Amino acid sequence: PSELHYQIGNIVRIRKEPKRAKRDGFLLGSEHVIVEPPTGYLNCAGGVWVKNKNGITKSLRFYEYVWTGKKVNISTHKKRIRLK
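Below you will find a few notes about this structure. (Residues numbered from 1 in each chain as written. Predicted model: local features only at pLDDT ≥ 70, side-chain atom pairs only at ≥ 80, totals over all residues. Heavy atoms only, no water.)

**Description of the overall build of the protein chain**
Secondary structure summary: the protein chain contains 1 helix and 5 strands in total. In sequence order, the secondary structure elements of the protein chain are arranged as β-α-β-β-β-β. For the protein chain, contacts bridging at least 24 residues in sequence account for 49% of all contacts bridging at least 6. Carbon and sulfur atoms make up 54% of the accessible area of the protein chain, which amounts to about 6,600 Å² in all. (Helix = DSSP H or I, 4+ residues; strand = E, 2+ residues; numbered from the N terminus. Contact = heavy atoms within 4.5 Å. Areas by Shrake-Rupley, 256 points an atom, 1.4 Å probe, with all protein chains shown as cover.)

**Here's the deal with the sheet that holds strand 5 (residues 65–71)**
Taken in spatial order, the 3 strands of this open sheet run 2-1-5, and their pairing is antiparallel. Because the sheet does not close on itself, it has two edges, and the strands there are strand 2 (31–33) and strand 5. Across the sheet, the mean angle from the axis of one strand to that of its neighbour is 35 degrees, orientation sign disregarded. By the bridge criterion, 3 bridges tie strand 1 (residues 10–14) to strand 2 in an arrangement that is antiparallel. Of the residues in strand 2, the one forming a bridge with arginine 13 is glutamate 31. (Pairing = 2+ DSSP bridges. Axes fitted to C-alpha atoms, helices over the stretch in contact; angles between N-to-C directions.)

**Side note on the pattern of salt bridges**
Tallied over the full model, the rule gives 4 salt bridges. One salt bridge in this structure joins aspartate 24 and arginine 23, with 3.9 Å as the shortest N-O distance. Judged by its relative accessible area of 7%, aspartate 24 falls in the buried class. Look at arginine 23 and you get partly exposed, because its relative accessible area is 49%. Measuring nitrogen to oxygen at the nearest pair gives 3.8 Å for the salt bridge that ties lysine 70 to glutamate 31. (Salt bridge = Lys/Arg side-chain N within 4 Å of Asp/Glu carboxyl O. Buried < 20%, exposed > 50% of the residue type's maximum accessible area, 1.4 Å probe, protein only.)

**Describing the nonpolar core**
Of all hydrophobic cores here, the largest spans 9 residues; its members are Tyr6, Val12, Ile14, Phe26, Ile34, Val48, Val50, Leu60 and Tyr65. Elements supplying a minimum of two residues to this core: strand 1 and strand 3 (47–51). The residues touching valine 50, leaving out its near neighbours within four places in the chain, are Val12, Phe26, His32, Val33, Ile34, Val35, Ile56, Thr57, Lys58 and Leu60. (Core = buried A, V, L, I, M, F, W, Y, C linked by side-chain atoms within 4.5 Å.)

Everything listed here is a matter of geometry and, on its own, says nothing about what the molecule does.
Structure, rendered in structure tokens:
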């Protein structure tokens, strides 16, 4: 049960603005959806990965966000690879 708050699709609210908050869109009180982390990284109690306003995946540390208890249903589909 303690691992539920950093699962993919959960919504987090910013409670402390990180560095470059205005540029990335992580303003105080804004809500963001947890996404799948890049290869070699994890969503864990220490921090989660969310997309900024430009669509780039960024990491938020545990003291910069709070879990709202809400969840978004994200369909996980794999990219199609075209073979030539």
